[in-house]
Amino acid sequence: MEKIQLNPELTQEDIQTAISRYHYQDTDLPLFFQVYGEVRENLEPEGGYVYSGPERERIGKEAGMAGAEDKTAACEETMLPGGAHGSCQVIVTLGGGPDRLQEGYAAKGMLTESYMAECICMELLRKACGELNEKIRKKYDLFVEKMLFPGSELPLEAMEGIFSQIGQTTVSYNPCYMLSPKKSVVYLAQLGNRACGELCDSCRNKDCPNRKKADQVVENGDKG
């Protein structure tokens, strides 16, 4: 497993985009920046991944249940689709700090700040995934073409195989496949010669209000 410390951060432009995406007003900027600073102080971001070749990866009963709190649950055997040039099984997290920060806000009745922290963490998680994908590109000289997520492009049970392959202890999941820390994401990164534009590009929920669409970039610089 490759374990990597990450350093996601939002630029001024990113924050302006987030303000628009989550339907805040310019008058909310000072508080948004304040909450962003507090979120940043509580980040514990890291990522982990394991490379697999182009063949399909077998998961399920034979792969084990590492990472699950209830290891007695059984699942049918599932196959993870490999990319044309292989794939990486990936876990990215912002750590438990943001969860504790939000709990503190909620305990004080600071619901506006709590929701702002949620929005900010969504943006930071995008950045963290992009940062890890770039590290994968530099190591293997291949782009992450698609990001496939358990419960969306993959069956939920695929999470079991990803956890068992990576073998980390920072992130876990319960029998309902809820991740802890909450600001975490698990995905299969298919590798190839085209860049994945955004975390949202592989998601099937085209009507999501938080959706961000970016152009895919071909290796030679042309847009697809």
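Relevant structure appears above.
Residues numbered from 1 in each chain as written. Predicted model: local features only at pLDDT ≥ 70, side-chain atom pairs only at ≥ 80, totals over all residues. Heavy atoms only, no water.

J.: Lay out the state of the cysteines with the relevant residues and their values.
T.: Across all of its chains, the model carries zero disulfides by this definition. Free cysteine Cys-119: the closest other cysteine sulfur is in Cys-121, separated by 9.4 Å. (Disulfide = S-S within 2.5 Å.)

J.: So what's going on with the packing of helix 3 (residues 97–107) against helix 4 (residues 111–140)? Residues and values would help.
T.: Following both chains from N to C, one finds helix 3 and helix 4 inclined at 160°, their axes separated by 7 Å at the closest point. The orientation of helix 3 with respect to helix 4, classified from their angle, is roughly antiparallel. For helix 3 against helix 4, the interelement crossing comes out left-handed. On helix 4, the residues touching Pro-98, Gln-102, Tyr-105 and Ala-106 of helix 3 are Leu-111, Glu-113, Ser-114, Ala-117, Glu-118 and Cys-121. Residues that form the contact of helix 3 with helix 4 fall into these classes: six nonpolar, two polar and two charged. (Axes fitted to C-alpha atoms, helices over the stretch in contact; angles between N-to-C directions. Helix = DSSP H or I, 4+ residues; strand = E, 2+ residues; numbered from the N terminus. Parallel < 35°, antiparallel > 145°, perpendicular 65-115°, else oblique. Left-handed = near helix turned anticlockwise from the far one by under 90°. Contact = heavy atoms within 4.5 Å. Nonpolar A, V, L, I, M, F, W, Y, C, P; charged D, E, K, R; others polar.)

J.: Just give me the short version of the nonpolar core, but keep the residues and values in it.
T.: By size, the foremost hydrophobic cluster in this structure holds 40 residues, and its most contacted members are Val-39, Val-90, Val-92 and Tyr-187. Those elements that place two or more of their residues in this core are helix 1 (12–21), helix 2 (29–41), strand 5 (87–93), helix 3, helix 4, strand 6 (143–148) and strand 9 (184–192). Counting residues per element, this core draws most heavily on helix 4, which supplies 11 residues. Core analysis: the next-biggest nonpolar cluster, separate from the first, contains 11 residues, Ile-162, Phe-163, Ile-166 and Val-171 among them. (Core = buried A, V, L, I, M, F, W, Y, C linked by side-chain atoms within 4.5 Å. Buried < 20%, exposed > 50% of the residue type's maximum accessible area, 1.4 Å probe, protein only.)

J.: I'd like to hear about the environment of Asp-26, residue by residue, with values.
T.: Relative to the helices and strands, Asp-26 is located in the loop between helix 1 and helix 2. Sequence separation between Asp-26 and Gln-16 is 10 residues, and the spatial gap between their C-alpha atoms is 8.5 Å.

J.: Break down the sheet that holds strand 5 for me, with residues and values.
T.: Remark on secondary structure: sheet strands pair via backbone hydrogen bonds, oriented parallel or antiparallel. Here we have five strands laid out as an open sheet, ordered 1-2-5-9-6, and antiparallel in their pairing. The open sheet terminates on both sides in strands that have one partner only, identified here as strand 1 (2–5) and strand 6. Strand after strand, the sheet turns through a mean of 30° between neighbouring axes, direction not considered. Relative to strand 5, helix 5 (residues 158–166) is tilted by about 90°, and along the sheet it contacts strand 2 (46–52), strand 5 and strand 9. (Pairing = 2+ DSSP bridges.)

J.: Explain the packing of aromatic side chains residue by residue, including any values.
T.: Throughout the structure, instances matching the rule amount to seven aromatic pairs. Measuring from centroid to centroid gives 6.4 Å for Tyr-49 and Tyr-140, while their planes differ by 75°, and the two rings are edge-to-face. Residue Tyr-49 is located in strand 2, and its partner Tyr-140 is located in helix 4; the two are separated by 91 residues in the primary sequence. Overall, Tyr-49 belongs to the buried group, its relative accessible area being 2%. Where Tyr-51 meets Tyr-140, the ring centres are 4.8 Å apart and the plane angle is 20°; that geometry is what we call stacked. (Phe/Tyr/Trp six-rings, centres within 6.5 Å; stacked < 30°, edge-to-face > 60°.)

J.: Could you give an account of unusual backbone geometry, naming the residues involved and the relevant values?
T.: At the junction of Ser-180 and Pro-181, the peptide bond is cis and its omega measures out at 0° in the coordinates. Mapped onto the elements, Pro-181 comes out in the loop between strand 8 (179–180) and strand 9. The phi dihedral of Asp-141 is positive, around 55°, even though this residue is not glycine. Structurally, Asp-141 is set in the loop between helix 4 and strand 6. Its relative accessible area of 55% is what places Asp-141 among the exposed residues. Phi at Tyr-177 takes a positive value of approximately 65°, unusual for a residue other than glycine. With respect to the secondary-structure elements, Tyr-177 resides in the loop between strand 7 (172–173) and strand 8.

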